[in-house]
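# Fold and geometry: a report
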Amino acid sequence: MTTATALGELTGDYVLDPARTRIGFTARAAMVGRVRGRFEVFEGSARLDGGSPSRSAVRLTIRAASVQTRNTKRDDHLRSGDFLDADAHPALTFTSTRVRQTGPAGFEVTGDLTVRGVTGQVTVDFGLTGAGHDQQGTFRAAFTGRTVVDRHDWGVRGARGLVGRKVTLEFDVTAVRRS
């Protein structure tokens, strides 16, 4: 699916397949190692225009309390007011404002990311990794993406000196076409 004709086959409305999608992050911890985590509860939709990718749009909502790093104490701390403040700000959201094709199967998706009630612009580099009909005849499209953000830009300042400011957001997305 790397030609303009093949991209045209992607046109449609999609929802994320939560069983086949991973939304994760990596951050430096104690300036030596890395902490890897993911969000378990999210929903998203997209309107893809394969013939004119700039007319595509993406929306994503992540439940802050669903953060998981395989360490209960750390997860509770990440949910606290030091980090995500999940009680006061239960959702992280992303709404695209621009989609730009950067190569045969590459895209930059720029949009507004809201964390802890603070909205800032981010650009995520995505690559189309596959598309087609599954065994049940449902059309699916798969993408991987990543971007690096400075958590301080969203007021996430907990654990000064113990956790790096830069956080890599990682997306391994499968979307199911609805129409």
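### A short note on the overall build of the protein chain
Each helix and strand in the protein chain was counted, giving two helices and 11 strands. Along its sequence from the N terminus, the protein chain presents helices and strands in the succession α-β-β-β-β-β-β-α-β-β-β-β-β. On the principal axes, the C-alpha backbone points of the protein chain span a range of 50 × 30 × 30 Å. By the burial criterion, 45% of the 179 residues in the protein chain qualify as buried. Pairs at least 24 residues apart make up 55% of the contacts formed inside the protein chain by residues separated by at least 6 positions. For the protein chain, the exposed surface amounts to about 9,600 Å²; the carbon and sulfur share of it is 49%.

### Some remarks on the pattern of salt bridges
Evaluation of the coordinates by the stated rule reveals 10 salt bridges. The partner of Asp 134 in a salt bridge is Arg 140, and the shortest N-O contact between them spans 2.8 Å. Judged by relative accessible area, which is 21%, Asp 134 ranks as partly exposed. Asp 150 is paired through a salt bridge with Arg 165; the nearest N and O atoms lie 2.8 Å apart. Residue Asp 150 is found in strand β10 (residues 139-150), and its partner Arg 165 is found in strand β11 (residues 163-177); the two are separated by 15 residues along the sequence. Looking at Asp 150, the relative accessible area reads 11%, which means it is buried. Since its relative accessible area comes to 43%, Arg 165 is described here as partly exposed.

### Details of the pairing of strand β1 (residues 12-16)
Side chains of β1 alternate between two faces, with Gly 12, Tyr 14 and Leu 16 buried and Asp 13 and Val 15 left unburied. Sheet topology places β1 next to strand β4 (residues 42-48); four bridges connect them, and they run antiparallel. In the sheet register, Val 15 faces β4, and the bridge partner there is Ser 45. Judged from the three bridges that link them, β1 and β11 form a sheet pairing that is antiparallel. When the sheet's bridge partners are listed, Tyr 14 is paired in β11 with Arg 177.

### Comments concerning a positive patch on the surface
On the surface, a cluster of positive charge is made up of Arg 28, Arg 34, Arg 36 and Arg 146. Its place among the elements puts Arg 36 in strand β3 (residues 33-39).

### Topic: unusual backbone geometry
At Arg 70, a position not held by glycine, the phi torsion is positive, near 70°. Relative to the helices and strands, Arg 70 resides in the loop between β6 (67-68) and α2 (72-79). Unusually for a residue other than glycine, Arg 116 sits at a positive phi of about 55°. With respect to the element layout, Arg 116 can be found in the loop between β8 (106-115) and β9 (118-133).

### Focus on the confidence of the model for the protein chain
Confidence along the protein chain averages 92 in pLDDT terms, with 94% of residues attaining 70 or more. Low confidence marks residues 1-5, where pLDDT is under 50. Its contacts with residues over four positions away, or in another chain, come to 10 contacts.

### Section: the packing of aromatic side chains
If you walk through the whole model with that rule in mind, you get two aromatic pairs. Here Phe 25 and Phe 39 contribute two aromatic rings whose centre-to-centre distance is 5.7 Å and whose plane-to-plane angle is 50°, an arrangement assigned as tilted. A residue pair is termed long-range when its members are at least 10 positions apart, and Phe 25 in strand β2 (residues 22-29) and Phe 39 in strand β3 qualify at 14 residues. Judged by relative accessible area, which is 10%, Phe 25 ranks as buried. Their ring planes at 45° and their centres at 5.8 Å tell us that Phe 126 and Phe 171 sit as a pair that is tilted. Note that Phe 126 is positioned in strand β9 and Phe 171 in strand β11, a separation of 45 residues in sequence. On the accessibility criterion, Phe 126 (18% relative accessible area) is buried. On the accessibility criterion, Phe 171 (13% relative accessible area) is buried. Positioned over the ring face of Phe 139 is Arg 177, at 4.0 Å from the centre of the ring.

Thresholds, definitions, all that
Within every chain, residues take consecutive numbers counted from 1 along the sequence as written. This being a predicted model, a pLDDT of at least 70 is required before a residue's local features are given, and a value of 80 or more before pairs of side-chain atoms are given or counted; all residues contribute to the totals for chains, interfaces and linings. In computing side-chain values, all of the structure's heavy atoms are included and hydrogens and water are not. Secondary structure elements are defined from DSSP: runs of H or I of at least 4 residues count as helices, runs of E of at least 2 residues count as strands, and each element is numbered from the N terminus. Each residue is placed in one exposure class: buried if its accessible area under a 1.4 Å probe, protein chains only, is under 20% of its type's maximum, exposed if it is over 50%, and partly exposed if it falls in between. Pairs of residues are marked as contacts when any of their non-hydrogen atoms sit within 4.5 Å. Accessibility throughout is a Shrake-Rupley quantity obtained with a 1.4 Å probe, and a residue counts as covered only by protein chains that appear here. When a carboxyl oxygen of Asp or Glu lies within 4 Å of a side-chain nitrogen of Lys or Arg, that pair is called a salt bridge. We treat two strands as partners when DSSP finds at least two bridges between them. Every patch collects residues that have over 30% relative accessible area and no salt bridge, joining them within 9 Å if they carry like charges and within 5 Å if they are nonpolar side chains (Val, Leu, Ile, Met, Phe, Trp, Tyr). Only four residue types enter the charge count: Lys and Arg as positive, Asp and Glu as negative, with His and the chain ends excluded. The atom standing in for a charge is NZ when the residue is Lys, CZ when it is Arg, CG when it is Asp and CD when it is Glu. Values of pLDDT, the confidence the predictor places in each residue, fall between 0 and 100. Any Phe, Tyr or Trp ring, taking Trp's six-membered ring, that has another such ring centre within 6.5 Å forms a pair; planes under 30 degrees apart are called stacked, those over 60 apart edge-to-face, and the others tilted. Criterion for a charge above a ring: Arg CZ or Lys NZ at most 6 Å from the ring centre, at most 35 degrees from the ring normal.

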